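A look at the structure
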Amino acid sequence: MKVLKFGGTSVGTVESLRHVKRIVEECEEQVIVVVSALGGITDLLIKTAHQASTGDITYMQNYAKIVERHINVINGIVPQEKITTVRTKIDMLLEELGNIYRGVSLIKDLSSRTLDIIVSYGERMSSTIVSNIIENATLFDSREFIKTESQFNKHVLQAELTERLIKETFGSFTGKVALVPGFISTDAKANDITNLGRGGSDYTAALICAALDASQLEIWTDVDGFMTADPRVISTAYVIDKLTFIEAMELCNFGAKVVYPPTIYPVFQKNIPILIKNTFNSSAPGTLISDEHGNIEGKAIKGISSINDTCLITLTGFGMVGVIGVNSRIFAALARNGISVFLVSQASSEHNTSFAVKNCDAEEAVKVLKDEFSAELLTGEISDITPEKDLATVAIVGENMKHTPGIAGKLFNTLGRNGINVIACAQGASETNISFVIDSRSLRKALNVIHDSFFLSETQVLNLFVVGVGNVGKNLLSQIHHQQEDLLKNKALELRIVGIANSKKCVFNRDGINIENYQEALEKSELVATPENIRNGVIDMNIFNSVFVDCTASADIADIYGSLIEHNVNVVAANKIAASSCYNNYTYLKNMTHKKGVKFLFETNVGAGLPIINTINSLIATGDKIIKIEAVLSGTLNYIFNTISPEIPLSKAIKMAQEAGYSEPDPRIDLCGKDVARKIVILAREAGYKVEQEDVVRNLFIPTEFFEGTLDDFFKNVEGMDVEFEELRKGAADKNEHLRFVARMDEGAVSIGLESVDQTHPFYTLAGSNNVILITTERYNEYPMVIKGYGAGAEVTAAGIFSDIISIANVR
Ligand code: ADP
Ligand code: ASP
Ligand code: MG
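Predicted model only: the values in this text are computed from it and were never measured.

1. As for helix H23 (residues 635-643)
Among the nine residues that make up H23, eight are buried, leaving the element largely enclosed by the rest of the structure. Taken residue by residue, H23 has Gly635, Thr636, Leu637, Asn638, Tyr639, Ile640, Phe641 and Thr643 as its buried positions.

2. Details of the site of ligand 2
Taken together, Ser36, Ala37, Thr42, Glu123, Phe183, Arg198, Gly199, Gly200 and Ser201 make up all the residues around ligand 2. For ligand 2, an oxygen atom lies 3.2 Å from a polar atom in the side chain of Ser36. Within the side chain of Arg198, a nitrogen or oxygen atom sits 2.6 Å from an oxygen atom of ligand 2. Protein coverage of the free-state accessible area of ligand 2, which is 260 Å², stands at 87%. Split into classes, the residues belonging to the shell around ligand 2 amount to two nonpolar, five polar and two charged.

3. So, the packing of helix H1 (residues 14-26) against helix H3 (residues 59-77)
Direction vectors running N to C along H1 and H3 enclose 55 degrees, while the axes themselves pass 9 Å from each other. It follows from the interaxial angle that H1 and H3 lie oblique. The crossing of H1 and H3 is right-handed. Between H1, through Val14, Leu17 and Arg18, and H3, the contact on the second element is made entirely by Asn72, Val73, Gly76 and Ile77. Split by residue class, the contact of H1 with H3 holds four nonpolar, two polar and one charged.

4. Digging into the pattern of salt bridges
Tallied over the entire structure, the rule returns 32 salt bridges. Here Glu247 and Lys302 are joined by a salt bridge, their closest N and O atoms 2.7 Å apart. Placement of Glu247 in helix H8 (residues 245-253) and of Lys302 in the loop between strand E12 (287-290) and strand E13 (303-316) is noted, with a sequence separation of 55 residues between them. On the accessibility criterion, Lys302 (18% relative accessible area) is buried. Here Arg441 and Asp439 are joined by a salt bridge, their closest N and O atoms 2.7 Å apart.

5. Some thoughts on the site of ligand 1
Taken together, 18 residues sit near ligand 1, with Thr9, Thr221, Asp222, Met227 and Lys257 positioned nearest. Within the contact set of ligand 1, an oxygen atom lies 3.1 Å away from a backbone nitrogen or oxygen of Gly8. The separation between a nitrogen atom of ligand 1 and a polar main-chain atom of Met227 is 2.8 Å. Burial of ligand 1 by the protein chains amounts to 90% of its free accessible area of 570 Å². Considering only residue class, the shell around ligand 1 consists of eight nonpolar, five polar and five charged.

Each value, and the rule that gives it
- Residues numbered from 1 in each chain as written.
- Chains lettered and ligands numbered in written order.
- Predicted model: local features only at pLDDT ≥ 70, side-chain atom pairs only at ≥ 80, totals over all residues.
- Heavy atoms only, no water.
- Buried < 20%, exposed > 50% of the residue type's maximum accessible area, 1.4 Å probe, protein only.
- Helix = DSSP H or I, 4+ residues; strand = E, 2+ residues; numbered from the N terminus.
- Near = heavy atom within 4 Å.
- Polar contact = N/O pair within 3.5 Å; in protein donor to acceptor, adjacent residues only side chain to side chain.
- Areas by Shrake-Rupley, 256 points an atom, 1.4 Å probe, with all protein chains shown as cover.
- Nonpolar A, V, L, I, M, F, W, Y, C, P; charged D, E, K, R; others polar.
- Axes fitted to C-alpha atoms, helices over the stretch in contact; angles between N-to-C directions.
- Parallel < 35°, antiparallel > 145°, perpendicular 65-115°, else oblique.
- Left-handed = near helix turned anticlockwise from the far one by under 90°.
- Contact = heavy atoms within 4.5 Å.
- Salt bridge = Lys/Arg side-chain N within 4 Å of Asp/Glu carboxyl O.

Next comes the structure, spelled out in structure tokens:
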């Protein structure tokens, strides 16, 4: 014999009931079927009762909904010949219910006893309906054999009596299908209608299953099985094929709603396996909960669950140190008042003890403890009893944790890097569960990041905020779009764009913005792209593994990096302003990244996609010392010097660079050397020298006064230099030399300026807008290291940013 339980999600609609009918009728052996109320009806019964008790007559509309749901189901699925009988029974129950609501509304009072009666109608009606849908089903009334007693205003199962009554009830049952309403029960003494608590139908089924020594308990619901986490919070959660009883018990106790926690114990005691199945997808294998340990090589943790209703109460005082019996008094006092504690944490100093209760029990718990320890509070032996509300508890569970060192380290490291503060934690000596308390606002983030980092999910996710969708930003988005599938397949890396901003608007969406439609999303957005809105948007989303990608050249955007890093957001910048800003700011950002465990990467600040900063970092990390850097770092200037000829004067070459998109929109930024100065400052700093922009000695070829005034004035003035510059070029050409704008760093001394280089110099053959960097180090001394290639262009720059982003995921 098997026991099958169908939850509210499975008996809510005509369509779902067709599945139930088929599943039960396909069973070859004898079955006991336990059903919940139609999905959502228990909530509606409770809501309507509270409404009626305030005298609000709109409760009638909700009552009408309850009536309509049941009538629709009957009309949609009960066989024609039975409709009248079923309608008569249900109409009678509905009328009784309506009368009770009327009574509640008249006397404006709703006792817990009356509410228990009201909620019982859900299962009473559903079981009546389902028993008439399934062939050869006999309806039983669980109020006759599931018995409770009252303890601290709660209904607690009378286990022995219930077991005996179940045996008596079903001992002589020889039919094919027995149908039982879940959840409801009666008080053993008063015979009042009671229940086993919300979600209690699972428990009814387990009690019957254990008492009758059935072969299996099947819990039929609306998901394919027990999943690694709540699928409504973690979209990548997946079905676990096997769990041990202990693992399932731990996960359910800490909030996995799929099975009501007390359900496991009765079947565990009898070693009867539980199978979780999907009513809507019965061919899926489901999850088997049994005493089998499964594969030791498997993942260290099986699942994560959480309770988003936690209050942490802490008792502090020197009077607790070394005093025997304090904890026993705490828990005895709480138990006497029916307050359940689900996590306890005590430091070995014994100076304080913290424990977690539900928010609704918090006040009562503090009161009870203040009474219990009133003497100690007076003498100061206990200095304080404080509640901290609005917290959440998370548990990671898996029997394999026993065999794997370092789980707690990895857990807390991952949480820390994402800025999630652990307020209290506990690990049982059995090592099957580590649970910890955090601020409830960080719950979603914590669950995601743990799921992600323990590779419960098949993929690792990076959540990207891309600011600036000009040439480079647009290119980056298109590269990401093209690579998304490949990265997912080959590197198990999911890049999700959760925020985008252009110069006007910004848009945020934690579920991801489709790259193909980002422009439309930006147009529709009403959020103006001020640095403040962007900063708040990123921080308020409080999403895990987040990366802020700056493809602008804006100083205001560079200003928000500090605050983002402080909130554990990684920053990837094509924007050079922050890394070349005052040295104090540069070191502040760097130090903050170390403190927060995130990254600030800006490889594309110098030489676009060329691996210059990474190379310098690697050399230093492996013990080398950078002595000298000589480089041509301006693609624009190099293009200009390679283009000028007797036919193309300086002014024309500048215009050509501008039109070809090599220069900044305002070419003066390149020509005044500012851009190159910023780059050599960044390289010098990365090489370990303390350098400011003002330290750069500049040997410019255009007089500084030309850079004042408008762009038109500038071009006019530059035309005046054409002849003089042609002479310079010719002079060099006659000596078979080339003009190059060179940046130098020599043990911290930095300079930039025009130089004429001969044929033997590595800078001589430098085509188009290319860059070249010579790095002289202790190791690369006689022959410096040379890095050379495209130093500008949207595509290579975007690729460099992309590479920085991927390096944050550590997948390569
Ligand atoms: P039923 O009406 O069948 O009793 P419940 O709503 O009580 O259904 O439980 C099923 C729901 O539990 C699923 O729809 C899912 O959203 C939620 N859930 C929470 N945590 C988990 C988990 N770890 N695995 C599967 N489902 C979960
Ligand atoms: N109908 C009850 C509830 O919603 C019991 C159950 O569904 O298991 O809580
Ligand atoms: Mg349930």
